[in-house]
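The primary structure of each chain is shown beneath.
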Amino acid sequence: MLKLFLFLSLCLLPLQAKEIQWAGSFKEALLQAQAEDKNMMVLITTKTCRWCRKLESQTLTNPEVIDRLNRDYICVHLTRDQDEYPRYLNAKGVPTTYFLNRAGQPIIKRVMGYWNVEDYLSYLDDVDYKLGRKTY
């Protein structure tokens, strides 16, 4: 029985989900982005938004999305009307995603609403293009 348990544990180990590495606050993310010379991804949601939950559970759990975000960005997940962040990140609707440079300024316009994996990856491509990391 122990051998079966160990075998199953080893087989399932690669299936354990990766997660986005979230900074604890906007200020922490900005300092980390500057220290690591990375850009930022800021996700603003609310506790009661079903589209926020859908983005979190379907798009932001995709391995390719996770890999690209963790590799290229310092990510921070903020709750509107609860967490502190600059006023210019005006999330009238949620979810809203901002891609910011190391100085905290937008790289592309804000991304509002739920986006499936393919479309979200397209936004990541747009940021890469704007930064000169990708050509079409």
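The rules behind the values
- Residues numbered from 1 in each chain as written.
- Predicted model: local features only at pLDDT ≥ 70, side-chain atom pairs only at ≥ 80, totals over all residues.
- Heavy atoms only, no water.
- Helix = DSSP H or I, 4+ residues; strand = E, 2+ residues; numbered from the N terminus.
- Buried < 20%, exposed > 50% of the residue type's maximum accessible area, 1.4 Å probe, protein only.
- Contact = heavy atoms within 4.5 Å.
- Areas by Shrake-Rupley, 256 points an atom, 1.4 Å probe, with all protein chains shown as cover.
- Axes fitted to C-alpha atoms, helices over the stretch in contact; angles between N-to-C directions.
- Parallel < 35°, antiparallel > 145°, perpendicular 65-115°, else oblique.
- Left-handed = near helix turned anticlockwise from the far one by under 90°.
- Nonpolar A, V, L, I, M, F, W, Y, C, P; charged D, E, K, R; others polar.
- Pairing = 2+ DSSP bridges.
- Phe/Tyr/Trp six-rings, centres within 6.5 Å; stacked < 30°, edge-to-face > 60°.

> What exactly am I supposed to notice about the overall build of the protein here?
The helix and strand inventory of the protein stands at five helices and five strands. Counting all 136 residues of the protein, 38% fall into the buried class. Of the contacts formed within the protein by residues at least 6 apart in sequence, a portion of 66% connects residues at least 24 apart. In the form shown here, the protein has an accessible surface area of approximately 8600 Å², with 54% of it arising from carbon and sulfur atoms.

> Would you explain the environment of V42 in this entry?
Within the secondary structure, V42 is located in strand β2 (residues 39–45). Considering only alpha carbons, one finds V42 and F26, 16 residues apart in sequence, at a separation of 7.9 Å.

> For this particular structure, what's the right way to read the packing of helix α4 (residues 63–72) against helix α5 (residues 117–130)?
Relative orientation and spacing of two packed helices are given, respectively, by the angle between their axes and the distance between those axes. In contact at an axis separation of 10 Å, α4 and α5 are set at 25 degrees when each is read in the N-to-C sense. Classified by the angle between their axes, α4 and α5 sit roughly parallel to one another. Where α4 crosses over α5, the handedness of that crossing is left-handed. Together, E64, V65, R68, L69 and D72 of α4 and V117, Y120, L121, L124, D125 and D128 of α5 make up the contact between the two elements. Of the residues belonging to the contact of α4 with α5, the class tally is six nonpolar, no polar and five charged.

> Would you explain the sheet that holds strand β3 (residues 73–79) in this entry?
Think of a sheet as strands paired side by side through backbone hydrogen bonds, with each pair either parallel or antiparallel. Read across the sheet, five strands follow the order β1-β3-β2-β4-β5 without closing on themselves; strand pairing throughout is mixed. Only two strands of the sheet have a single neighbouring strand rather than two, namely β1 (22–23) and β5 (111–112). The pairing of β1 with β3 spans two bridges and is parallel. Counted as the bridge partner of A23 is V76 from β3. Along the sheet, helix α3 (residues 50–59) makes contact with β2, β3 and β4 (96–100), crossing β2 at roughly 135 degrees. Its contacts with the sheet put α4 on β2, β3 and β4, and the angle it makes with β3 is roughly 105 degrees.

> So what exactly am I meant to see when it comes to unusual backbone geometry here?
Among all residues except glycine, the phi angle is most often negative; among peptide bonds, the trans geometry is most common. With an omega of -5 degrees, the peptide bond between V94 and P95 qualifies as cis. The phi dihedral of D37 falls on the positive side, at around 55 degrees, and the residue is not glycine. Tracing the chain through its elements places D37 in the loop between α2 (26–36) and β2. Of note in this structure, D81 is not a glycine but carries a positive phi near 65 degrees. With respect to the helices and strands, the residue D81 is situated in the loop between β3 and β4.

> What am I meant to see in the packing of aromatic side chains here?
Aromatic rings in a pair are described by how distant their centres are and how their planes are angled relative to each other. Taken as a whole and judged by the stated rule, the model has four aromatic pairs. Look at Y73 and F99: their rings are 5.5 Å apart centre to centre, the planes differ by 55 degrees, and that puts the pair in the tilted class. In this pair, Y73 is assigned in strand β3 and F99 in strand β4, connecting sequence segments 26 residues apart. Using a relative accessible area of 3% as the deciding quantity, one classes Y73 as buried. A ring pair is formed by F99 and Y120, whose centres lie 6.4 Å apart and whose planes are at 55 degrees; its orientation type is tilted. One end of the pair, F99, is in strand β4; the other, Y120, is in helix α5, and 21 residues separate them in sequence.

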